[in-house]
Amino acid sequence: MARTALTRDEVLAAAASLVKQHGPAALTMRKLAAELGTAVTSIYWHVGNRESLLDALVERTVQEMGAIRPAGRTPVERILSVARTLRRELRGRPHLIAMVHERGLTERMFLPAQQALVHEVHAAGLRGARAADAVRAVQFQIVGYLLVERNRERSPAQSPAESDLWDPSAAPDDPELARVLARPADPERLFLLSVRALVGSLLAAPPPPPR
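Residues numbered from 1 in each chain as written. Predicted model: local features only at pLDDT ≥ 70, side-chain atom pairs only at ≥ 80, totals over all residues. Heavy atoms only, no water.

Engineer: How should I be thinking about the overall build of the protein in this particular structure?
Structural biologist: What the protein contains, in helices and strands, is 11 helices and zero strands. Taking 17 Å as the expected radius of gyration for a compact globule of 211 residues, we find that the protein reaches 22 Å, considerably beyond that expectation. Projected onto the principal axes, the alpha-carbon positions of the protein cover approximately 75 × 50 × 30 Å. Within the protein, residue pairs in contact and separated by at least 24 positions form 68% of the contacts whose partners lie at least 6 positions apart. Carbon and sulfur atoms provide 56% of the accessible area of the protein, an area that totals close to 12,900 Å². If the 28 positive side-chain charges of the protein are averaged to one point and the 23 negative ones to another, these points end up 5 Å apart. (Helix = DSSP H or I, 4+ residues; strand = E, 2+ residues; numbered from the N terminus. Rg over C-alpha atoms; globule rule 2.2 N^0.38 Å. Contact = heavy atoms within 4.5 Å. Areas by Shrake-Rupley, 256 points an atom, 1.4 Å probe, with all protein chains shown as cover. Lys, Arg positive; Asp, Glu negative; His and termini not counted. Charge placed at Lys NZ, Arg CZ, Asp CG, Glu CD.)

Engineer: Quick question: what am I supposed to make of the side chain of histidine 46 here?
Structural biologist: Among the secondary structure elements, histidine 46 is positioned in helix H3 (residues 40-47). Ignoring any residue separated from it by four or fewer positions in sequence, one finds histidine 46 in contact with Leu6, Thr7, Arg8 and Val11.

Engineer: Where do I start with unusual backbone geometry in this structure?
Structural biologist: Peptide bonds are trans in most cases, and residues, glycine excluded, mostly fall at negative phi. The peptide bond linking serine 159 to proline 160 adopts the cis configuration, its omega dihedral lying at 5°. With respect to the helices, strands and loops of the structure, proline 160 is situated in the loop between helix H8 (128-154) and helix H9 (162-165).

Engineer: Can you help me understand the packing of aromatic side chains in this one?
Structural biologist: Within a pair of aromatic rings, the relevant descriptors are the distance that separates the centres and the angle that separates the planes. Following the criterion strictly, the structure yields one aromatic pair and no others. Looking at arginine 87, its charged tip hangs above the ring of phenylalanine 191, at a distance of 5.1 Å from the centre. (Phe/Tyr/Trp six-rings, centres within 6.5 Å; stacked < 30°, edge-to-face > 60°. Lys NZ or Arg CZ within 6 Å of the ring centre and 35° of its normal.)

Engineer: Looking at this model, I keep getting lost on helix H5 (residues 75-92). Mind explaining?
Structural biologist: Note that an α-helix has 3.6 residues per turn; residues three or four places apart therefore point the same way. Over its 18 residues, H5 extends 26 Å from the first C-alpha to the last, a length consistent with the 26 Å expected when each residue adds 1.5 Å. Every buried residue belonging to H5 is among Ile79, Leu80, Ser81, Val82, Ala83, Thr85, Leu86, Arg87, Glu89 and Leu90, and all of these are buried. In the core, the buried residues of H5 are packed alongside helix H4 (50-65), helix H6 (94-102), helix H7 (106-123), H8 and helix H11 (187-203). (Expected span 1.5 Å × (residues − 1). Buried < 20%, exposed > 50% of the residue type's maximum accessible area, 1.4 Å probe, protein only.)

Engineer: Looking at this structure, I do not really get the packing of H7 against H8. What am I missing?
Structural biologist: The axes of two packed helices give the description: the angle between them and the distance between them. With their axes 9 Å apart at the nearest point, H7 and H8 run at an angle of 130° to one another. For the element pair H7 / H8, the angle class is oblique. Crossing of H7 over H8 shows right-handed handedness. Two secondary-structure elements touch here, H7 through Phe110, Gln114, Leu117, Val118, Val121 and His122 and H8 through Ala131, Ala134, Val135, Val138, Gln139 and Val143. In the contact of H7 with H8, the residues fall into nine nonpolar, three polar and no charged. (Axes fitted to C-alpha atoms, helices over the stretch in contact; angles between N-to-C directions. Parallel < 35°, antiparallel > 145°, perpendicular 65-115°, else oblique. Left-handed = near helix turned anticlockwise from the far one by under 90°. Nonpolar A, V, L, I, M, F, W, Y, C, P; charged D, E, K, R; others polar.)

Engineer: It is not clear to me how the environment of alanine 170 should be interpreted in this structure. Could you clarify?
Structural biologist: With respect to the secondary-structure elements, alanine 170 resides in the loop between H9 and helix H10 (175-181). The partly exposed category is assigned to alanine 170, whose relative accessible area is 39%. Taking the C-alpha atoms as reference, alanine 170 lies 38 Å from valine 82; in sequence the two are 88 residues apart.

Engineer: Can you help me understand the nonpolar core in this one?
Structural biologist: The nonpolar side chains of a soluble globular protein tend to be buried, and buried together. Leu27, Leu32, Ile43, Leu53 and Leu57 are the most contacted members of the largest nonpolar core, which has 52 residues in total. In this view, leucine 32 contacts Val11, Ala14, Ala15, Leu18, Leu27, Ile43 and Leu53; residues no more than four positions away in its chain are not counted. (Core = buried A, V, L, I, M, F, W, Y, C linked by side-chain atoms within 4.5 Å.)

Engineer: For this particular structure, what's the right way to read the packing of helix H1 (residues 8-22) against H4?
Structural biologist: The contact between H1 and H4 brings their axes to 10 Å, and the two run at 85°. The orientation of H1 relative to H4 falls into the category roughly perpendicular. Contacts between H1 and H4 involve Arg8, Leu12, Ala13, Ala15, Ala16 and Val19 from the former and Leu53, Ala56, Leu57 and Arg60 from the latter. Classifying every residue of the contact of H1 with H4 by side-chain character gives eight nonpolar, no polar and two charged.

Treat this as a map of the structure, not an account of what it does.
Okay, here's the thing in structure tokens:
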């Protein structure tokens, strides 16, 4: 028996779940209705046709990405928290993010995170072009790191692997380096290390002008 009480938010949440798991191609009105235990006509009544549903999902994703809030006691820690949250949110919904991009709303999606970063670089004393450069540098670092990360995850198994290439004889003057490079990288640790170093440099006092 089809359920009678259904809200638009429930339809969108179920649709987002299907897209996150299987991609946009897996989202059909019939499959969504089955997921919700309702009739297909009920889905149409709440969200319109499939294109309208996809548009609503994109708008929902944009709004959710705007919920990022800084945390921490210092500008560096607060900027780092924005970067960490943004990376996690982007990684958690690649299919939905791709849909946002295809509909030309990527810049709008990133605007709340940019505004949060602007607030933090202002709090650190940066203004004007230096502040704008800092915000964009952090944003590019996050997105660039994520693209490299996803490319590594999708690439075929490598032979020889890093563990084969970095045996102790490969760096006899630095055996610890060889041992670490022979182990799988820790993406989260490297991400935080790189963003922290970037932000620390960006917020530092500018060098004196050349004579």
